[in-house]
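The residues making up each chain are set out below.
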Amino acid sequence: MAKVPANMSVAAPKAHKGVGMEGFVAKWYARQTAHDRDEFKSTARRLAAHVSAGSRVLEVAPGPGFLAIELVKLTGCRMVGLDVSRTFVRIASENARKAGLRIDFEEGDAADLPFPAQQFDFIVCRAAFKNFTRPLEALDEMHRVLKVGGVALIIDLRKDFSQQAVKDYVKGRGALSGAIIKLTFNTMLKKRAYTKEGMAALVSQSQFRQGDIRLDPLGFEVWLRK
Ligand SMILES: C[S@@+](CC[C@H](N)C(=O)[O-])C[C@H]1O[C@@H](n2cnc3c(N)ncnc32)[C@H](O)[C@@H]1O
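These figures come from a predicted structure and were not determined experimentally. (Residues numbered from 1 in each chain as written. Predicted model: local features only at pLDDT ≥ 70, side-chain atom pairs only at ≥ 80, totals over all residues. Heavy atoms only, no water.)

J.: Hey, could you run me through the site of the ligand in this one?
T.: In the neighbourhood of the ligand, 21 residues make up the surrounding shell, with Y29, A61, D83, A110 and R126 lying closest. In the model, a nitrogen atom of the ligand is placed 3.2 Å from a nitrogen or oxygen of the V84 main chain. The backbone of A110 places a nitrogen or oxygen atom 2.9 Å from a nitrogen atom of the ligand. Computed on the free molecule, the ligand has an accessible area of 590 Å², of which 96% lies beneath the protein chains in the complex. (Near = heavy atom within 4 Å. Polar contact = N/O pair within 3.5 Å; in protein donor to acceptor, adjacent residues only side chain to side chain. Areas by Shrake-Rupley, 256 points an atom, 1.4 Å probe, with all protein chains shown as cover.)

J.: Can you walk me through unusual backbone geometry in this structure?
T.: A negative phi angle characterises most non-glycine residues, just as the trans form characterises most peptide bonds. Even without being glycine, A127 reaches a positive phi, approximately 55°. When its relative accessible area of 30% is taken as the criterion, A127 is described as partly exposed. (Buried < 20%, exposed > 50% of the residue type's maximum accessible area, 1.4 Å probe, protein only.)

J.: Before we go on, may I ask you to explain the side chain of R173 in this structure?
T.: Tracing the backbone shows R173 in the loop between α6 (163–170) and α7 (175–192). R173 gets classed as buried once you look at its relative accessible area, which sits at 15%. Engagement of the side chain of R173 in a polar contact is seen with the backbone oxygen of Y169, the distance being 2.9 Å. Beyond its immediate sequence surroundings of up to four residues, R173 is in contact with Q32, D36, G178 and I181. (Helix = DSSP H or I, 4+ residues; strand = E, 2+ residues; numbered from the N terminus. Contact = heavy atoms within 4.5 Å.)

J.: Whenever I open this one, helix α2 (residues 37–47) confuses me. Can you help?
T.: Note that an α-helix has 3.6 residues per turn; residues three or four places apart therefore point the same way. Here α2 has its buried residues at F40, T43, A44 and L47. The buried residues of α2 occupy one face: seen down the axis, they fall within an arc of 100°. Residues of α2 that are exposed and point more than 90 degrees away from the buried face comprise D38 and R45. Those residues of α2 that are buried are in contact with α1 (23–33), α3 (66–75), β4 (120–126), β5 (146–157) and β7 (219–225). (Arc of directions from axis to C-beta.)

J.: Can you help me understand the sheet that holds strand β2 (residues 78–83) in this one?
T.: Whether parallel or antiparallel, the strands of a sheet pair through hydrogen bonds between backbone atoms. Strand order across the open sheet formed by seven strands is β3-β2-β1-β4-β5-β7-β6, with mixed pairing between neighbours. The open sheet is flanked by β3 (104–107) and β6 (212–215), the only strands paired with a single partner. Each adjacent strand pair in this sheet contributes to an overall mean axis angle of 15°, direction not counted. With six bridges joining them, β4 and β5 adopt parallel strand pairing. Pairing of F122 across the sheet is with V151, part of β5. Each of β2 and β3 is contacted by helix α4 (residues 86–98), which is oriented at about 175° to β3, the strand it contacts most. (Pairing = 2+ DSSP bridges. Axes fitted to C-alpha atoms, helices over the stretch in contact; angles between N-to-C directions.)

J.: Help me understand the packing of aromatic side chains, please; the structure alone is not making it clear to me.
T.: The geometry of an aromatic ring pair is captured by two quantities: the separation of the ring centres and the angle between the planes. As enumerated under the stated definition, the model contains eight aromatic pairs in all. Taking the centre distance of 5.9 Å and the plane angle of 75° together, the rings of Y29 and F88 count as edge-to-face. You can see Y29 sitting in helix α1 and its partner F88 sitting in helix α4, a full 59 residues away along the chain. Measuring from ring centre to ring centre gives 5.8 Å for F40 and F66, while their planes differ by 50°; the resulting arrangement is tilted. Here F40, found in helix α2, pairs with F66, found in helix α3; they are 26 residues apart in sequence, far enough to count as distant. Taken as a pair, F40 and F66 share a single burial class, namely buried. An aromatic cluster is built from F129, F132 and Y194, whose rings are joined through pairwise contacts. The ring centre of Y169 lies 4.3 Å from the NZ or CZ of R173, which sits over that ring. The aromatic ring of F161 is capped on one face by K190, whose charged end is 4.6 Å from the ring centroid. (Phe/Tyr/Trp six-rings, centres within 6.5 Å; stacked < 30°, edge-to-face > 60°. Lys NZ or Arg CZ within 6 Å of the ring centre and 35° of its normal.)

Written out as structure tokens, the structure reads:
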């Protein structure tokens, strides 16, 4: 292998596809998803079946932290969030503080989790997995930090989503935001998103080996057990 000269630095590989979500992009996204409180609440209610007050829970790529906040409100679990965006770590920490909750939001890469092995009872990752540049490593890292018997859940957009599903999703968001979201879904996100088959192939190569993939009109959930 060629040696890197001592005076040359090697750039770390980029953790996310595209430009990443910092500054005004993160602030815009936080404002948009603040309208999705009911969806975060209902997801948290479903996750609560797997989480108790004593559970250690990790949210990978929590963005503004709304799901983590709803899950802690419901269960009192011990929650950590890890996101590559410095802006989102700041926004999520502030949102948790305003809600009067203690949640530790940290900066880091899903493919290189800064936690010892077998720490968490439950892991969730929503609307983010398709953006990871090292998805297999991210799955293996989730496996490593899960306790034996622990569960990881990935929720994301499916590549073959229907136009009707997107129309339903943007309903009530205003013309401009609706148009921006539709455009983003149909271009950048569609390109990055996984099909059920693509996701199954990735899972089969990971330490999890298998998972239960459930489809809905807009996305999928992958349930993984260690
Ligand atoms: C569309 S946002 C989703 C945020 C939140 N999970 C939600 O449901 O609203 C995608 C998130 O993935 C984060 N992200 C992208 N690549 C990442 C990586 N490699 N490691 C950790 N976070 C990452 C972004 O910073 C952003 O917070």
